[in-house]
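# Examining the three-dimensional arrangement
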Amino acid sequence: MTDLDGATAVITGASSGIGEATAHALAERGADLVLVARRREALESVAEDVRSAYGVETVVAAGDVRESATSAAAVEAAVEAFGGLDVAVVNAGLARGSDVASMTDEEYFAMQETNVDGAFFLTREALPHLRESEGTLVAVGSFAGEFPRPFNPVYAATKWWIRGFAHSVAAQAGDDGVAVSVVNPSEVRTEFGSEDGEPFEERFEPGGVTEPEEVAEAIAFAASRPGSSAHEIDLYRRDKYADTM
């Protein structure tokens, strides 16, 4: 396990699910953390857990990633507290609705502003510092961002955007030593889906789909490559092609 001793990481969507698991995975490798999400109390709980478990330093930067000031404040907190930034994890994301014909403006904008705008804002703020540290940007994509999906085309489109954006940023910043990785899970047992019905952590039995800790391990792997870039990592449940294709 390659360590991240002395590294600093910013993680969005860090209050639960993949983001919380990623906080543990990076802290276990020695990284100090800036944790970003809307729910301050939940963030404080995650921060205390990783401090106690791994002895790393953590900063809570509560805010909504749909607002550019949230990413600016998170990166500024990393620089002020730890002197720089080595890893930025673009994880915050959500889904609303499903059918295009019946989708409301609110559902559309919730996905667009969180999944797309939030990813852009953090990337924009992080890149100058990642160039200085020759660090890593990791974006959480999705199976839905790789193949046409009949369920919720708008959500799928935001994840296609994430992949295209991340790979193009890799082309733009690679000469400066910045690694850019995309991690694409299929269903993950988290709170995802709770706003519109049954969350995945209740819909699927343990072991039936990907666990957040598995995605976090992939993110940590990508974040800790010493001189290369894990361009893209796919994490699918074992029957995904049989179920989908």
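It should be emphasised that the depicted structure is a prediction, and the values quoted were computed from it without experimental measurement. All residue numbers here refer to positions counted from 1 along the written sequence of the relevant chain. The predicted nature of this model means local features are confined to residues of pLDDT at least 70 and side-chain atom pairs, given and counted, to a pLDDT of 80 or more, with totals for whole chains, interfaces and linings taken over all residues. The side-chain numbers reported here are obtained from all heavy atoms of the structure, hydrogens and water having been left aside.

## Regarding helix H2 (residues 40-54)
Along an α-helix, residues three or four apart share an orientation, since each turn contains 3.6 residues. For clarity, the cut-off: By the criteria applied, helices consist of DSSP H or I runs no shorter than four residues and strands consist of E runs no shorter than two, each listed in order from the N terminus. A helix is expected to reach a length of 1.5 Å times the quantity of its residues less one. Remark: exposure states derive from per-residue accessible area (1.4 Å probe, protein chains only) relative to the maximum for the residue type, with buried under 20%, exposed over 50%, and partly exposed in between. Summarising the geometry, the arc corresponds to the directions from the helix axis toward the C-beta atoms. When checking whether two residues touch, look at their non-hydrogen atoms; a contact exists if any pair is within 4.5 Å.
Compared with an ideal rise of 1.5 Å per residue, which puts 15 residues at 21 Å, H2 spans 21 Å between its outermost C-alpha atoms and is within 8% of the ideal. Residues Leu43, Val46, Ala47 and Val50 constitute the buried set of H2. Buried residues along H2 cover an arc of 100° about the axis, so they all sit on one side. For H2, the exposed residues set more than 90 degrees away from the buried face come down to Glu41 and Ser52. Where the residues of H2 are buried, they touch helix H1 (17-28), strand S2 (32-37) and strand S3 (58-62). Once H2 finishes, Gly55 follows within two positions and takes phi at roughly 70°, a positive value.

## Some words on the packing of aromatic side chains
The cut-off we apply is this: Pairing of aromatic side chains here covers Phe, Tyr and the six-membered ring of Trp, requires ring centres within 6.5 Å, and sorts the geometry by plane angle: under 30 degrees stacked, over 60 edge-to-face, intermediate tilted. Sitting over a ring, as applied to charges here, requires NZ of Lys or CZ of Arg to be within 6 Å of the ring centre and within 35 degrees of the ring normal.
On inspection of all chains with the given rule, the structure shows 8 aromatic pairs. Pairing Tyr236 with Tyr241 gives two aromatic rings, centres 5.8 Å apart and planes at 75°, and the pair type is edge-to-face. Tyr241 gets classed as partly exposed once you look at its relative accessible area, which sits at 45%. For Arg225, the ring lying beneath its charged end belongs to Phe221, and the centroid distance is 3.8 Å.

## Quick word on the sheet that holds strand S6 (residues 179-185)
Spelled out, the test is: Each pair of strands is called paired provided DSSP finds at least two bridges between the two strands. The axes are straight lines fitted to the C-alpha atoms, using for helices just the contacting stretch, and the angles between their N-to-C directions are given from 0 to 180°.
The strand order S3-S2-S1-S4-S5-S6-S7 describes an open sheet built from 7 strands, whose pairing is parallel. The open sheet has two edge strands, S3 and strand S7 (232-235), and neither has a second partner. Between one strand axis and the next, the sheet turns by 15° as a mean value, whatever way the strands run. Strands strand S1 (8-12), S2, strand S4 (87-90) and strand S5 (136-140) of the sheet are contacted by H1, whose axis makes an angle of about 170° with S1. Against the sheet, helix H4 (residues 105-133) touches S1, S4 and S5, its axis set at about 170° to S4.

## Remarks on the pattern of salt bridges
Two side chains carrying opposite charge are able to pair once their charged atoms lie near each other. To keep it simple, the criterion reads: The working definition used for a salt bridge is a side-chain nitrogen of Lys or Arg within 4 Å of a carboxyl oxygen of Asp or Glu.
The tally for this structure, following the rule as stated, stands at 10 salt bridges. When the shortest N-O distance is used, the salt bridge between Asp176 and Arg131 registers 2.6 Å. With a gap of 45 residues between them, Asp176 in the loop between helix H5 (153-173) and S6 and Arg131 in helix H4 connect regions that are remote in the sequence. For Arg237, the salt bridge is made with Asp239, and the minimal N-O distance between the two is 2.5 Å. Its relative accessible area of 11% is what places Arg237 among the buried residues.

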